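Overview (structure and organization)
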Amino acid sequence: MQNQPSPLILTFGVSDPVGALGVQADLATFAVHGCHALTVTTALLVADSARVEDLHEIDVGWMADQARVVLEDMPVAAVKIGAIASIEQAAAIAEIVSDYAEVPLIVDPFLSSLPDAGMSDEDTVLAIRQILAPQATVLMLSQSELGRMAETWREPGVESSLEADVAELTARGCQYVLVTCTQGSANNRANTLFDRDGAVVTIDWQHLPGPFVGAGTTLSGALAALMAQGMDVTDALPAAQEYTYGALRHAQRFGMGKFVPNRFYRALPSKGRQ
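Heads up: these notes are all about the structure in this document. (Residues numbered from 1 in each chain as written. Predicted model: local features only at pLDDT ≥ 70, side-chain atom pairs only at ≥ 80, totals over all residues. Heavy atoms only, no water.)

Here we look at the pairing of strand β7 (residues 176-183)
- Judged by how many residues are buried, β7 sits mostly within the fold: 6 of 8 residues are covered.
- When strand β6 (residues 138-142) meets β7, the two strands line up parallel, connected through 5 bridges. Bridging across to β7, L141 finds its partner in V179.
- Pairing geometry for β7 and strand β8 (residues 189-195), over 5 bridges, is antiparallel. (Buried < 20%, exposed > 50% of the residue type's maximum accessible area, 1.4 Å probe, protein only. Helix = DSSP H or I, 4+ residues; strand = E, 2+ residues; numbered from the N terminus. Pairing = 2+ DSSP bridges.)

Overview of a negative patch on the surface
- On the surface, E57, D59, D65, E88, D121, E122 and D123 cluster together into a negatively charged patch.
- As for its placement among the helices and strands, E57 is situated in strand β3 (residues 52-57).
- On the accessibility criterion, E57 (34% relative accessible area) is partly exposed. (Patch = residues over 30% accessible without salt bridge, like charges linked within 9 Å, V, L, I, M, F, W, Y side chains within 5 Å. Areas by Shrake-Rupley, 256 points an atom, 1.4 Å probe, with all protein chains shown as cover. Salt bridge = Lys/Arg side-chain N within 4 Å of Asp/Glu carboxyl O. Lys, Arg positive; Asp, Glu negative; His and termini not counted. Charge placed at Lys NZ, Arg CZ, Asp CG, Glu CD.)

A look at the packing of helix α5 (residues 143-150) against helix α6 (residues 162-171)
- Remark: α5 packs on α6, axes separated minimally by 10 Å, with the N-to-C direction vectors making an angle of 65°. In this structure, α5 meets α6 at a crossing whose hand is left-handed. Residues Q143, L146, M149 and A150 of α5 pack against L162, D165, V166 and L169 of α6.
- Broken down by class, the residue content of the contact of α5 with α6 amounts to 6 nonpolar, 1 polar and 1 charged. (Axes fitted to C-alpha atoms, helices over the stretch in contact; angles between N-to-C directions. Left-handed = near helix turned anticlockwise from the far one by under 90°. Contact = heavy atoms within 4.5 Å. Nonpolar A, V, L, I, M, F, W, Y, C, P; charged D, E, K, R; others polar.)

Here we look at the sheet that holds strand β4 (residues 78-81)
- Taking strand neighbours across the sheet as the criterion, the 9 strands line up as β3-β2-β1-β4-β5-β6-β7-β8-β9 in an open arrangement whose pairing is mixed. Each of the sheet's edge strands pairs with one partner strand only, and the pair in question is β3 and β9 (198-205). Within this sheet the neighbouring strands show an average axis-to-axis angle of 20°, counted without direction.
- Note that strand β5 (residues 105-107) and β6 share 2 bridges and pair parallel. Across the sheet, V107 pairs through a bridge with L139, a residue of β6.
- Here α6 sits on the sheet and contacts β6, β7 and β8; the angle it forms with β7, its principal contact strand, is near 160°.
- Of the strands in this sheet, β6, β7, β8 and β9 are in contact with helix α8 (residues 233-249), which crosses β9 at around 15°.

Comments concerning unusual backbone geometry
- Across the junction of G210 and P211, the peptide omega takes the value 5°, indicating a cis bond.
- Along the chain, the position of P211 falls in the loop between β9 and α7 (215-228).

Overview of the nonpolar core
- Counting residues in each nonpolar core, the largest one holds 44 residues, and the members touching the most others are L10 and I81.
- The residues touching I81, leaving out its near neighbours within four places in the chain, are F12, I93, V97, L105, I106, V107, D108, P109 and L132. (Core = buried A, V, L, I, M, F, W, Y, C linked by side-chain atoms within 4.5 Å.)

Observations concerning the pattern of salt bridges
- This model, assessed by the stated rule, comprises 7 salt bridges.
- Linking K80 and D26 is a salt bridge whose minimum nitrogen-to-oxygen distance equals 2.8 Å. On the criterion of sequence distance, the pair formed by K80 in strand β4 and D26 in helix α1 (residues 22-32) is long-range, its members being 54 residues apart. We note that K80, like D26, is buried.
- Each member of the salt-bridge network shares a partner with another, and the members are R129, E168 and R172.

Here it is in structure tokens:
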């Protein structure tokens, strides 16, 4: 009998019938990194490989009960917060994770595939900033998402730099902010990790044409899995980026829409990984 189980990760997120996003994507990413996913669904998507048609929010009481039940039964090595559907869900999740402050918390709350990138409700964006971000070990945002969040504290018409917007979040308690998809060297893209003192590391990666669905989910899922294994953020990020890039290079087109990252590409025969 196996006495030492795989690290357990509790993940909050949407249920995607394609498996490109949300908890289904995390199940795959965690598994290939030797971790086991405990899933709490925040919303059900009506979606195909091209777009999300609709979203049905899960009752906040059901969502919170599911999280509490598994947390009372099993020890978790990390928690990931993906897309949430309402301010009520944000408040409930913030209360739950506050009881597990010693556990790494990766917050990746916005999905570009959702209508309005999942950021149409200003109150929800404000709640994420005020009650979830301060608890985060890592808050992951694209540059455009960071700008949208910054609108909740900037005075109208006032311009600000990326560094100043990040500093606003780290000053509130967020340990690290990972800003994705900035301009890197040449035609590359870059992901930059910031802490309270500024930029910690910037990782360039070659831009791939796509279009993809689930790239960001793959990166945050891999980061959560590696941190659940005990890796420090600064060591986990390059490894998570390498894995994500490989999953995108081996992405598959299931239908007429976007490419879906192949999260199991490392299990392919060596010829298939070229």
